[in-house]
Every structure is written in structure tokens, then in C-alpha cells.
Amino acid sequence: MRKIDGNCYLNRAEAIGYLLHAYEVKWCMTRWSQHTVAFSLEASDGSRLRRRVPAYKTKGSRIARVRKVDLDDFFASGSGA
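Residues numbered from 1 in each chain as written. Predicted model: local features only at pLDDT ≥ 70, side-chain atom pairs only at ≥ 80, totals over all residues. Heavy atoms only, no water.

### Things to note about the sheet that holds strand β3 (residues 27–33)
Strand pairs in the sheet, formed through backbone hydrogen bonds, run parallel or antiparallel to each other. With respect to topology, 3 strands assemble into an open sheet ordered β3-β4-β5, the strand pairing being antiparallel. Where the open sheet ends on each side, the last strands, each with one partner, are β3 and β5 (48–54). On average, adjacent strands in this sheet sit at an angle of 20° to one another, irrespective of strand direction. In terms of strand pairing, β3 meets strand β4 (residues 36–42) through 7 bridges, oriented antiparallel. Counterpart to W32 in the pairing with β4 is V37. Across the sheet, helix α1 (residues 12–22) lies against β3 and β4, angled at about 145° from β3, the strand it touches most. Against the sheet, helix α2 (residues 68–76) engages β4 and β5, with an angle of about 145° to β5. (Pairing = 2+ DSSP bridges. Helix = DSSP H or I, 4+ residues; strand = E, 2+ residues; numbered from the N terminus. Axes fitted to C-alpha atoms, helices over the stretch in contact; angles between N-to-C directions. Contact = heavy atoms within 4.5 Å.)

### Re the packing of aromatic side chains
In this description, an aromatic ring pair is defined by two values, namely the gap between the centres and the angle between the planes. Across all of its chains, the model carries 4 aromatic pairs by this definition. Ring plane angle 85° and centroid distance 6.1 Å describe the contact between Y18 and Y23, whose orientation is recorded as edge-to-face. Residue classification places Y23 among the partly exposed residues on the basis of a relative accessible area of 27%. Connected via pairs of aromatic rings, a cluster forms that spans Y18, Y23, F74 and F75. Here the basic side chain of R51 rests over the ring of F74, its NZ or CZ set 5.3 Å away from the ring centre. (Phe/Tyr/Trp six-rings, centres within 6.5 Å; stacked < 30°, edge-to-face > 60°. Buried < 20%, exposed > 50% of the residue type's maximum accessible area, 1.4 Å probe, protein only. Lys NZ or Arg CZ within 6 Å of the ring centre and 35° of its normal.)

### A short note on the nonpolar core
A15, L19, C28, F39, L41, V66 and L71 are the most contacted members of the largest nonpolar core, which totals 15 residues. Broken down by secondary-structure element, the contributors of at least two residues to this core are α1, β4, β5 and α2. Look past the residues within four positions of V66 in its chain and what remains in contact with it is C8, Y9, L10, A15, V37, F39, V53, P54 and L71. (Core = buried A, V, L, I, M, F, W, Y, C linked by side-chain atoms within 4.5 Å.)

### Quick word on the pairing of β5
Judged by which residues are buried, β5 turns out to be one-sided: L49, R51 and V53 face inward and are buried, whereas R48, R50, R52 and P54, on the alternate face, are not. Examined bridge by bridge, β4 and β5 share 7 bridges and lie antiparallel to one another. Bridging across to β5, F39 finds its partner in R51. Once β4 ends, the chain turns through 5 residues before running back antiparallel as β5, passing G46 with a positive phi of about 95°.

### Looking at the packing of α1 against α2
The interhelical angle for the contact between α1 and α2, taken along N-to-C directions, is 35°, at an axis separation of 11 Å. The two elements α1 and α2 cross, and the hand of that crossing is right-handed. Here A15, Y18 and L19 of α1 lie close against α2, whose contacting residues are K68, L71, D72 and F75. For the contact of α1 with α2, the residue count by class is 5 nonpolar, no polar and 2 charged. (Left-handed = near helix turned anticlockwise from the far one by under 90°. Nonpolar A, V, L, I, M, F, W, Y, C, P; charged D, E, K, R; others polar.)

Below you can see the structure in the form of C-alpha cells.
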């Protein structure tokens, strides 16, 4: 995890781990889609969700990351779509 200007940026493995623990997701897969990372997952209530979140490259790193806030918004919106 990298923290820049108050935002937490997670690589894909960290993002999956975060979703599995914080939101009790049953399973989660990621896939590149241009400048986004597509998350497909099954929520604890059995609903399947898919959403693309923007990918960022932080200074000095070639690894693409997603913002923790974008992942939280995934569930805050309620729809997951």
C-alpha cells in the first residue's frame, strides 16, 4: 500500500485482500481493461457484482494501483454496477 496526499493506493493483490476481509466478499477476480481494473466478485449476500475502477501508476512505480476510496464506493453505492 502507498499513501499519497491522504489517499491509499493498493495493488491488485492488496485490493482483493481488502475486499475479502473488509466486506466479507466470498471471491474476487480482477482483469485489466484499458486504464481500469475490472473487479468481478460475489458479495456475502450471494449477489454477483462487477465494476471497473480507475487504475493509477504512482510516482516511481510501474505497478498499477487502485484507490481504496474507489473500492469503498463500490459498496457504498449499493448497486455494485
